[in-house]
Number of protein chains: 2
Amino acid sequence: MSAPTLTSSARNRLLDVGARATPAREHVLEILLAATRALSHQEIEAAARKQGFNFDRVTLYRVLDWLVTQQLAHKIEGQDRVWRFNAITVTSTEHGHAHFHCTRCGQVFCLEQLEPSFAVTLPAGFRFEKAELTIQGICPSCATD
Amino acid sequence: MSAPTLTSSARNRLLDVGARATPAREHVLEILLAATRALSHQEIEAAARKQGFNFDRVTLYRVLDWLVTQQLAHKIEGQDRVWRFNAITVTSTEHGHAHFHCTRCGQVFCLEQLEPSFAVTLPAGFRFEKAELTIQGICPSCATD
DNA sequence: TATTTTATGCAACCGAGTTGCACGTCGACC
DNA sequence: GGTCGACGTGCAACTCGGTTGCATAAAATA
């Protein structure tokens, strides 16, 4: 899973969907690809700034939305009314998804690899589309404190 | 919609926790108990207004928060960055919970009766606390349209 | 009744996300 | 190569759910 360089990978992904690989899109996707967890727009902005790349708040929102519609990223609703994003690396089934939410530091981790198996029988009349499993607990870095 | 049982029930619940049964708390809890689904603060406010009972936005927020801390209600984070509340009727295990979110009308139903059974093995270092299962789909009233 | 505690109302605020519009930039087409 | 149109970005102002601080009202306690 060792991509040649993250930048080219991000760029390739952008070109794959036949879209303009603008600096903003490249930077954001690169940041998402490099992250081990789901990032809020603030964290993304901070990361970009640290790389010396500044852009408008609104641009970031639009880029993120665009990445989601292009199926390049994934939007997660957190417990704190903040959306978090992570890059889609594997072609997920999109029928189930698990997230881990640390109750101490608030970080959200995307557990892509594990497909939750649950047995639910919905009441009559409800039509199933997909399920999201959110697990709350303590993340590794908080647990060691 | 003045069901005598509901009011007294709401009042009893309030007195059970040894707290003041103020009009605001009574009305809100009553509304929550009468609802078949999780209500947003707006819906609660509208319902109260319809009963001729008006109170401040802030009061509602505080009452709801208070109900949650008293374990009389339950706070649900929706996909639309809005909190929804429903009365806790059965003593739930609080170790798992399932919600149904209608992707068409946005309503949230609390599936208290069904304890989701899922098999998840967290990556090393993650400590489990509790899980919330959110199921997306179409609710009965939307399905018939 | 006087005092303390608790609940409510009001106004101002915060912060995430959105909208509208102007400007810049890129690609296409003649 | 120059012009045009489409698309991306920046800026400012806005919406809206939720919060905070403080003054006042209503219970509880004495």
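Not measured: the values here are computed from a predicted model.

Draft legend 1. Looking closely at the pattern of salt bridges. Residue and element names in this part refer to chain A. Taken as a whole, this structure holds ten salt bridges over all chains when the rule is applied. Put simply, Arg49 and Glu45 hold a salt bridge, and the shortest N to O gap is 3.0 Å. Taken together, the residues span about one helical turn, with Arg49 and Glu45 both in helix H3 (residues 41-50) at a distance of four residues. Note that Asp65 is salt-bridged to Lys75, the shortest N-O span being 3.5 Å.

Draft legend 2. Layout of unusual backbone geometry. Residues and elements named next belong to chain B. If you check the backbone angles, Gln71 has positive phi at about 60° while not being a glycine. The topology assignment puts Gln71 in the loop between helix H4 (57-69) and strand E2 (73-77). Positive phi, normally seen in glycine, also occurs at Arg81, with a value near 60°. The exposure class assigned to Arg81 is partly exposed, which follows from its relative accessible area of 34%.

Draft legend 3. View of the sheet that holds strand E1 (residues 39-40) of chain A. All names here are of chain A. Spatially, E1-E3-E2 is the arrangement adopted by the three strands of the open sheet, whose pairing is antiparallel. In the strand order of this sheet, the two ends are held by E1 and strand E2 (73-77), each with one partner. Packing against the sheet, helix H2 (residues 23-34) makes contact with E1, E2 and strand E3 (83-87), and its axis sits at approximately 85° to E3. Along the sheet, helix H4 (residues 57-69) makes contact with E2 and E3, crossing E2 at roughly 110°.

Draft legend 4. Inspection of the relation of the copies chain A and chain B at higher detail. Here chain A sits on chain B after a turn of 180° about the axis and a move of 0.0 Å along it, with an RMSD of 0.1 Å. Those values place the two copies in the arrangement expected of a two-fold rotation axis. Both copies share a contact surface, since 100% of the interface residues of chain A are interface residues in chain B too.

Draft legend 5. Spatial organisation of the protein's contact with DNA strand C. What surrounds DNA strand C is a group of 21 residues, the closest being A:Arg57, B:Thr22, B:Arg25, B:Thr59 and B:Arg62. Sugar plus phosphate, as a fraction of atoms of DNA strand C within 4 Å of the protein: 63%. Between DNA strand C and B:Asp56, the relevant distance is 3.1 Å, taken from a phosphate oxygen to a main-chain nitrogen or oxygen of the residue. For DNA strand C, a base oxygen lies 2.6 Å from a polar atom in the side chain of B:Arg62. Every element with two or more residues in the surface near DNA strand C is listed here: H3 and H4 of chain A together with helix H2 (23-34) and H4 of chain B. Looking at the surface near DNA strand C residue by residue, the classes come out as eight nonpolar, four polar and nine charged.

Draft legend 6. Structural context of the packing of aromatic side chains. In total, this model carries eight aromatic pairs over all chains according to the counting rule given. An aromatic cluster is present here, built from A:Phe100, A:Phe109 and B:Phe126 joined pairwise through their rings. Between B:Arg25 and the ring centre of B:Trp66, over which it is positioned, the NZ or CZ distance is 3.6 Å. One Lys or Arg, B:Lys75, reaches over the ring of B:Trp83 and ends 3.7 Å from the middle of that ring.

Draft legend 7. Molecular detail of the side chain of A:His99. Residue and element names in this part refer to chain A. Relative to the helices and strands, His99 is located in strand E4 (residues 96-102). Look at His99 and you get buried, because its relative accessible area is 2%. When residues no more than four places from it in sequence are discounted, the contact partners of His99 are His74, Ile76, Val108, Phe109, Cys110, Leu111, Glu132, Leu133, Thr134 and Ile135.

Reading the values: the criteria
- Residues numbered from 1 in each chain as written.
- Chains lettered and ligands numbered in written order.
- Predicted model: local features only at pLDDT ≥ 70, side-chain atom pairs only at ≥ 80, totals over all residues.
- Heavy atoms only, no water.
- Salt bridge = Lys/Arg side-chain N within 4 Å of Asp/Glu carboxyl O.
- Helix = DSSP H or I, 4+ residues; strand = E, 2+ residues; numbered from the N terminus.
- Buried < 20%, exposed > 50% of the residue type's maximum accessible area, 1.4 Å probe, protein only.
- Pairing = 2+ DSSP bridges.
- Contact = heavy atoms within 4.5 Å.
- Axes fitted to C-alpha atoms, helices over the stretch in contact; angles between N-to-C directions.
- Least-squares fit on C-alpha atoms with pLDDT ≥ 70 in both.
- Near = heavy atom within 4 Å.
- Polar contact = N/O pair within 3.5 Å; in protein donor to acceptor, adjacent residues only side chain to side chain.
- Nonpolar A, V, L, I, M, F, W, Y, C, P; charged D, E, K, R; others polar.
- Phe/Tyr/Trp six-rings, centres within 6.5 Å; stacked < 30°, edge-to-face > 60°.
- Lys NZ or Arg CZ within 6 Å of the ring centre and 35° of its normal.

Any functional reading would require information that these geometric values do not contain.
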